[in-house]
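Okay, here's what each chain looks like letter by letter:
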Amino acid sequence: MANLPTNFEAVRSMLNMERKGLMKKQHVVATGIGYKTVAGRTTKDLAIICSVDTKKAKSMLSDRDMIPPRIQDVPTDVRPTGIIRAFQVPTGRFRPAPGGTSIGHYLITAGTLGCLVKKNNEIYILSNNHVLANSNEASIGDIILQPGPYDGGQNPQDQIAVLSEFVPIGFEDEDSDCGIAGSLVSFLNMLSEMVGSTTRLRPYRIQQTENKVDCAIARPLNSNDVINDILQIGTISGVQEGELGMNIKKSGRTTGFTTGTIEQVSVSAQVSYGTNKVALFTDQLLAGAMSQGGDSGSAVLNGNNNLVGLLFAGSETTTIINRIGNVFGALGVTLP
Amino acid sequence: MDDPTRKATEIKLRYERKWLDIAWVTAVGIGLVDNTLVIIVSVESNVEFVRAQIPTQIEGVPVMVKLTGKLRAQ
């Protein structure tokens, strides 16, 4: 441990005497001891540091709420830190619920609440189809829980929203909706029945459907139950296209805040959705390891807090992300 | 997207269907390795098996094979 300045004990005594009075001043959220900074440079003078939620001009403060430049012979320093909140695990229950927290359709385990979006002047929660719409199996109006069922979310006390809309995922080898194939198979099955065979044909699509997004939106029951913020990240500044080499970050239900880099673009990927369900996705972004199961639905942002994508899949080494332009285009949504 | 990336993407599009049909291949994308645009073929396992079936470059664009494991919805 480094040697403390000779006047450290004196400054600590002074802070102990003044702490209560300082904490009563408007905007002060914490007090401590540190080196005073002047014009952005750290000096060698110990000071009483007053952390404030926002730094206000002197003209906007009453005399009672002003922090004096010195308390007796000890200098003070004011540092804006924002509101200090107790750290809450993203698997917990949040009201209002920010992005980065657990959420899910009532029949799934849990995924991540991405962020808020707007459509027709209404606010919606954005996440993945496989988080909010149970991989195409859900019905519009289904119950959405925060936290998700795996994290203890229960119906009805933890219902936060209802499923509003989802973009269906086209899976490999799904039953075909082709009319010609359907008619032909019906005819052949009729012949099969006539000759006494118990074998039947089933039409299915051999050409994989190309998906660009795994996304859905849910309408909050109460607008006060959600907040336009992402845990450990803050507010989204805007929207930007993801590019090769871009530094990115996300806040997710399982791995919390992680960072990475876009290592590949124009990615076509075959993604497994449980047993025997595979879907082909094109025009994806690929990053290194920055997610695990349960992080699906996380909003992916760049260093300037611009939204670039929606995380939905990955492996031990890889993370796959929908481009946010494709997500917004498919759902017809914008940022609030 | 800049012109070189667009051009590499067009070349990738001509071959990726064939490559995605190879066992163990999970993804095909465009990456940057040592400041050079490359096509990256991601595989679940059996890297050498896949590498033997894919050229080291295609229409002037290098092709790399990379182990990523199985891609799952998370």
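Our structure is the block above this text.
Residues numbered from 1 in each chain as written. Chains lettered and ligands numbered in written order. Predicted model: local features only at pLDDT ≥ 70, side-chain atom pairs only at ≥ 80, totals over all residues. Heavy atoms only, no water.

Novice: Can you tell me about the overall build of chain B, naming the residues and giving the values?
Specialist: Secondary structure assignment for chain B yields two helices and five strands. In sequence order, the secondary structure elements of chain B are arranged as α-β-β-α-β-β-β. Relative to the compact-globule value of 11 Å for 74 residues, chain B shows a C-alpha radius of gyration of 12 Å, a close match. A principal-axis box enclosing the C-alpha atoms of chain B has dimensions of 30 × 30 × 25 Å. Out of the 74 residues belonging to chain B, those deemed buried represent 46%. Excluding contacts between residues fewer than 6 apart, the proportion of contacts in chain B whose partners are at least 24 apart in sequence is 44%. Surface accessibility of chain B: about 4,000 Å² in total, with carbon and sulfur atoms responsible for 52%. Charge separation in chain B, taken as the distance between the mean sites of 10 positive and 9 negative side-chain charges, equals 4 Å. (Helix = DSSP H or I, 4+ residues; strand = E, 2+ residues; numbered from the N terminus. Rg over C-alpha atoms; globule rule 2.2 N^0.38 Å. Buried < 20%, exposed > 50% of the residue type's maximum accessible area, 1.4 Å probe, protein only. Contact = heavy atoms within 4.5 Å. Areas by Shrake-Rupley, 256 points an atom, 1.4 Å probe, with all protein chains shown as cover. Lys, Arg positive; Asp, Glu negative; His and termini not counted. Charge placed at Lys NZ, Arg CZ, Asp CG, Glu CD.)

Novice: Please set out helix 4 (residues 324–331) of chain A residue by residue, giving values where relevant.
Specialist: By the burial criterion, the buried members of helix 4 of chain A are Ile324, Val327, Phe328 and Leu331 of chain A. One side of helix 4 of chain A carries all its buried residues, which in axial view fall inside an arc of 90°. (Arc of directions from axis to C-beta.)

Novice: Which residues make up unusual backbone geometry, and what are the values?
Specialist: All names here are of chain A. With an omega of 0°, the peptide bond between arginine 95 and proline 96 qualifies as cis. Here proline 96 shows up in the loop between strand 4 (74–80) and strand 5 (97–99). Of note, the bond from glutamine 146 into proline 147 is cis; its omega dihedral lies within 30 degrees of zero at 0°. Within the element layout of this structure, proline 147 appears in the loop between strand 10 (143–145) and strand 11 (159–166). Phi is positive for glutamine 72, close to 55°, though the residue is something other than glycine. Tracing the sequence through the fold places glutamine 72 in the loop between strand 3 (70–71) and strand 4. Judged by its relative accessible area of 65%, glutamine 72 falls in the exposed class. Backbone geometry places aspartate 283, a non-glycine residue, at a positive phi of 55°. For aspartate 283, a relative accessible area of 23% gives the class partly exposed.

Novice: Describe the interface of chain B and chain A, listing the residues and the values that go with them.
Specialist: Many descriptions give the size of an interface as the accessible area lost when the pieces come together. Chain B puts 27 residues into the contact, and the matching count from chain A is 32 residues. Both sides of the chain B and chain A interface together cover about 2,100 Å² of buried area, and 46% of this is carbon and sulfur. Contact with chain A buries area across many residues of chain B, yet Arg17, Leu71 and Gln74 of chain B alone supply 38% of it, more than any other trio. On the surface where chain B and chain A come into contact, there are two salt bridges. Where lysine 66 of chain B meets glutamate 263 of chain A, a salt bridge forms, and the shortest distance between an N and an O atom there is 3.6 Å. The set of elements that each furnish at least two residues to the side of chain B that touches chain A consists of helix 1 (3–20), strand 1 (25–33), strand 2 (36–43), strand 4 (61–67) and strand 5 (72–73) of chain B. Here the side of chain B that touches chain A is built from residues that sort into 12 nonpolar, nine polar and six charged. Across two bridges, strand 20 (residues 306–314) of chain A lies against strand 5 of chain B in antiparallel orientation. Opposite alanine 313 of chain A, over in strand 5 of chain B, you have alanine 73 of chain B as the bridge partner. (Buried area = accessible area lost by both parts, 1.4 Å probe. Salt bridge = Lys/Arg side-chain N within 4 Å of Asp/Glu carboxyl O. Nonpolar A, V, L, I, M, F, W, Y, C, P; charged D, E, K, R; others polar. Pairing = 2+ DSSP bridges.)

Novice: Run through the pairing of strand 18 (residues 278–287) of chain A, naming residues and quoting values.
Specialist: All names here are of chain A. Most of strand 18 sits out of view: eight of its 10 residues are buried. With two bridges joining them, strand 12 (residues 210–211) and strand 18 adopt parallel strand pairing. Residue pairing in the sheet places asparagine 211 in a bridge with phenylalanine 281 of strand 18. Hairpin geometry of strand 17 (residues 256–272) and strand 18 is characterised by an intervening segment of five residues between the two adjacent antiparallel strands and by a positive phi of about 75° at glycine 274. For strand 18 and strand 21 (residues 319–323), the ladder comprises four bridges, and the chain directions are antiparallel. Bridging from a neighbouring strand, leucine 285 pairs with isoleucine 321 of strand 21.

Novice: Outline helix 1 of chain B, supporting the account with residue identities and numerical values.
Specialist: The terminal C-alpha atoms of helix 1 of chain B, which comprises 18 residues, lie 25 Å apart, in line with the 26 Å expected from a rise of 1.5 Å per residue. Largest kink in helix 1 of chain B: about 40°, centred on arginine 14 of chain B. Among the residues making up helix 1 of chain B, those that are buried are Thr5, Ala8, Thr9, Ile11, Lys12, Glu16, Trp19 and Leu20 of chain B. Where helix 1 of chain B is buried, its residues meet strand 17 and strand 18 of chain A together with strand 1, strand 2, strand 3 (57–58) and strand 4 of chain B. (Expected span 1.5 Å × (residues − 1). Bend = angle between axes of the 7 residues up to and from the residue.)

Novice: Outline the pairing of strand 16 (residues 247–252) of chain A, supporting the account with residue identities and numerical values.
Specialist: Residue and element names in this part refer to chain A. The buried count for strand 16 comes to five of six residues, which makes it a mostly enclosed element. Count of turn residues in the strand 16/strand 17 antiparallel hairpin: three residues. Looking at chain direction, strand 16 and strand 19 (residues 299–302) are connected through three bridges and run antiparallel. Following the sheet pairing, lysine 250 is matched in strand 19 by valine 300.

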